[in-house]
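A look at the structure
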Amino acid sequence: MKTLYKIALCIWVVAMAGCSKKFLDRPPLSQISQDNFYQTASDLRLATAALYGGSPWGEWNYNCYLPVGEVLSGNMVVGWWGDAVQLITFSVTGLNEIMIAKWKGMYKVIAHCNTTINAIKQKAPASIADKDKNAAIAEASFIRAFAYYQLAVHWGEVPIIDDNAALINAPLINRHRTEDVFKFAIRDLTFAAQHLPSTDQKGRLTTWSAQGLLAKVYLTAAGLGQSGGTRNQAMLDSAAKYAGNVCKNSGLNLLTNYANLFKSQYNDNEESLFALQWMPGVPWLEGNMLQIYSSGGNEISANGQAGWYGITPSIDLIKLYSANDTVRRKATFMLRNDYYPELNAAGGGFTFKGDAGLKKHIIGTNRDNNAPTMDLVSSVEHNSLLRLADVYLLYAEALLGNAASTSHPDALLYFNKVRTRAGLEPLVAITPDVLMKERRLELAAESHYWIDLARLSMYNPNKAIAMLNGEKRTRFTYNNGVFTEEPPFGIITPATINSFKFPIPSREVTANPKLAEPAVPYSF
C-alpha cells in the first residue's frame, strides 16, 4: 500500500496548503510547525478549514465525483476515456485509474483528518476551552466519516486508520469488516453531531450537517447482512430520528429556485450542509476542476479554455424527466437550443447548439462569476456533497422503511417539498420506486445515484442488479424533441452482485499482501 501510506504520512503543513480565504487569512507556512501551532481557538479553526478543499480533495473531485457517482451508475456517459468505459460496461479491474483515485483520494482525506484530530488532542493547551477543541475535532471527524462511508459503500472491507504515525512501525495492516467501517463512521458522526454548533460561518459544518450524514449512514447500514428486501428496523429508526431532526428543527429551508443551487453567487446557501470550499487560480489538482466536463465552447469557460470531456446524460436518464420536470432538467443538462442568460452574460447569454451536455457545475466565465483568477481547473463553485433536499428524501425513505408504500404525513410533507420546488404536483403516496426515481432526478450530476443503487443492493440485490441491467447506458442525438439512441461504448456485460464491490487497487495489494487476507474485527 505504498500509495496509501505515503499519503497517510503527510504532515500537517501539507494539509494547510488548500486553505480557503472564505474561512481564514493564514500566516506563511514557513512560520508554522506542529509545536508552535494549535495554541489558540483561532489556530484550531485555521487547521480545520484546510480540510474542506484544496489538495486533499482535488484528485477525487476531478477523477471520481462524476465518473463514479454518475457514469458508473448509468446516469451519464463519457466515451473516449478508457477507464470510464470500464465503469459503463461493468468491467472494472484493479488497474482502473478512476477507482484508484477514489481509494487514494479518500485515504488522503482521512490522513489529513487524522493528523488534525491527533494534533489537537496532543498539542492544544488547557487554555483552549474544551468546547472549542471538541468542535474542531468534530469538524475533522465528520469529514473522516464521509471518507470512510465512501470507502465502505464501494469496497466494503477496508483498513480503518486513525493514527498515521502508527503506520511507520507497522505499515502492513489488514482490512476491517464492513460493519466495523460503518460503525466507525457512525461513531465519528455521533461525536460531530454532539459537538458541532447549530450555526456557524457560511461553508462550515454544523450539527445539522452531521445529523444529515448520520441519517444516510444509518440508512445504508440498515441493509447490511439483510435479505429478502427488508432492512434492520432499529437502524431505519435511527435514520429517521436524525433526518427528522434536520427537517423539523434546523430552521433551514430549500432554496426557492432550484437552478440557483449551482451558481457560484449562491455558494454555501442554507440548503448546503457540506460543500467543498475552492479557491480560484490554484495549481493542478488543488482546485475545482469540474468545468473540464463542459460540452460548451470557449465563450462559457474561464479564460476562454473550453472543456475537455463533453460528458453527457445517458438516454436512460434523460428520458426519465417528465414534460413538466423542466426546471431540474434544464438546470442539470443542456439540450439543443436551451438558452442560459447567466452564461456569457456580458455577451448576451449562451444558447447550446450540441445534442446534450452537462449544465450543473458549468458556471461560465470569469466575468460571469466576478473571479478574475479563475481558470478551467479552478472553478469557484463550492460543489455540495450533502444538501437539505437529500436529507428530506432520506427522511421519507427511512419512514417508508420496509413497507411497500407510505402516506406518512411527514414522509409526504418533505418528499413533496422537493417535488413542488421542481414545479411538479405533490403525491399522496410514496413507493420505493417513486422515491428512487425522485432521488435520481433531484440529485443527478451530484454523485449520489451509485450510492443509492449500492444501498439497495445490500438488502435487495436482485432488484438492484435488474435496475442496472435494465438501463440504456448510451449517448443519444437530439433534434426537435426526438431522442435517438447511439451505440454503446464497448460491450456492456451483464451486472451481477459483484458489480457493487470493486477490486482493491492492484498496486496496493502488491505493496501490502495483507489486503488479500480475510478482514478482521476493528478494536473499538
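Scope of this entry: the structure provided in the associated data block. Every chain begins its residue count from 1, and numbering advances along the sequence as written. For this predicted model, a pLDDT threshold of at least 70 governs which residues receive local features, and a threshold of 80 or more governs which side-chain atom pairs are given and counted, while totals over whole chains, interfaces and linings are taken from all residues. Neither water nor hydrogens contribute to the side-chain values; these are computed over all heavy atoms in the structure.

**Structural notes on the side chain of glutamate 446**
Only DSSP runs of H or I reaching four residues or more are called helices, and only runs of E reaching two or more are called strands; each is numbered from the N terminus. Within the element layout of this structure, glutamate 446 appears in the loop between helix H18 (432–442) and helix H19 (449–459). Looking at glutamate 446, its side chain comes within polar contact range of the side chain of lysine 360, at 2.7 Å. Apart from the residues lying within four places of it in its own chain, the contact partners of glutamate 446 are Tyr65, Glu70, Tyr258, Phe262, Lys360 and Arg387. Pairs of N or O atoms are called polar contacts if they sit within 3.5 Å, as long as, within protein, a hydrogen donor faces a hydrogen acceptor (for residues adjacent in sequence, only side-chain-to-side-chain pairs). Note on definitions: a residue-residue contact is assigned when non-hydrogen atoms from the two residues lie within 4.5 Å.

**So, the packing of aromatic side chains**
Given two aromatic rings, one states the distance between the centres and the angle between the planes to describe the pair. Any Phe, Tyr or Trp ring, taking Trp's six-membered ring, that has another such ring centre within 6.5 Å forms a pair; planes under 30 degrees apart are called stacked, those over 60 apart edge-to-face, and the others tilted. Scanning the model with the defined rule gives 29 aromatic pairs in all. Taking the centre distance of 5.2 Å and the plane angle of 75 degrees together, the rings of tyrosine 148 and phenylalanine 184 count as edge-to-face. One end of the pair, tyrosine 148, is in helix H8 (residues 130–155); the other, phenylalanine 184, is in helix H10 (residues 178–195), and 36 residues separate them in sequence. Comparing tyrosine 148 with phenylalanine 184 shows no difference in burial state: the two are buried. Pairing tryptophan 284 with tryptophan 308 gives two aromatic rings, centres 5.9 Å apart and planes at 25 degrees, and the pair type is stacked. Taken together, the positions of tryptophan 284 in the loop between strand E2 (272–275) and strand E3 (312–313) and tryptophan 308 in the loop between E2 and E3 put the pair 24 residues apart, joining distant regions of the chain. The buried label applies to any residue whose accessible area, calculated with a 1.4 Å probe on protein chains only, is under 20% of its type's maximum; exposed applies above 50%, and partly exposed to all values in between. Since its relative accessible area comes to 45%, tryptophan 284 is described here as partly exposed. Members of the aromatic cluster, connected to one another through ring pairs, are Trp103, Tyr107, Tyr148, Trp155, Phe184, Tyr522 and Phe524.

**What about helix H17 (residues 409–421)?**
Side chains that are three or four residues apart share a direction in an α-helix, a result of its 3.6 residues per turn. If you check H17, its first and last C-alpha atoms are 18 Å apart, about what 13 residues at 1.5 Å a residue would give, namely 18 Å. Regarding H17, the residues found buried are Asp410, Ala411, Leu412, Tyr414, Phe415, Asn416, Val418, Arg419 and Arg421. Contacts made by the buried residues of H17 are with helix H12 (233–249), helix H14 (326–332), strand E8 (384–387), helix H16 (388–400) and H18. Downstream of H17 by one or two residues, glycine 423 has phi in the positive range, about 85 degrees. Take the number of residues in a helix, subtract one, and multiply by 1.5 Å to get its expected span.

**Regarding the nonpolar core**
When a protein is soluble and globular, its nonpolar side chains tend to lie buried together. Throughout, nonpolar core names a set of buried Ala, Val, Leu, Ile, Met, Phe, Trp, Tyr and Cys residues whose side chains join them through atoms within 4.5 Å. Counting 157 residues, the largest nonpolar core has Trp57, Ile143, Phe274 and Tyr293 as the members making the most contacts within it. A total of 15 residues in this core trace back to one element, the largest contributor, which is H8.

**As for the pattern of salt bridges**
The rule for a salt bridge is simple: a side-chain nitrogen of Lys or Arg has to be within 4 Å of a carboxyl oxygen of Asp or Glu. Here the structure, examined in full by the defined rule, presents 33 salt bridges. Ionic pairing is found between lysine 104 and glutamate 59, a salt bridge with its closest N-O pair at 3.2 Å. One end of the pair, lysine 104, is in helix H7 (residues 97–123); the other, glutamate 59, is in helix H4 (residues 55–63), and 45 residues separate them in sequence. The salt bridge partner of arginine 387 is glutamate 271, with a shortest N-O separation of 2.8 Å. Pair noted here: arginine 387 is in strand E8 and glutamate 271 is in the loop between H12 and E2, with a separation of 116 residues, a long-range link.

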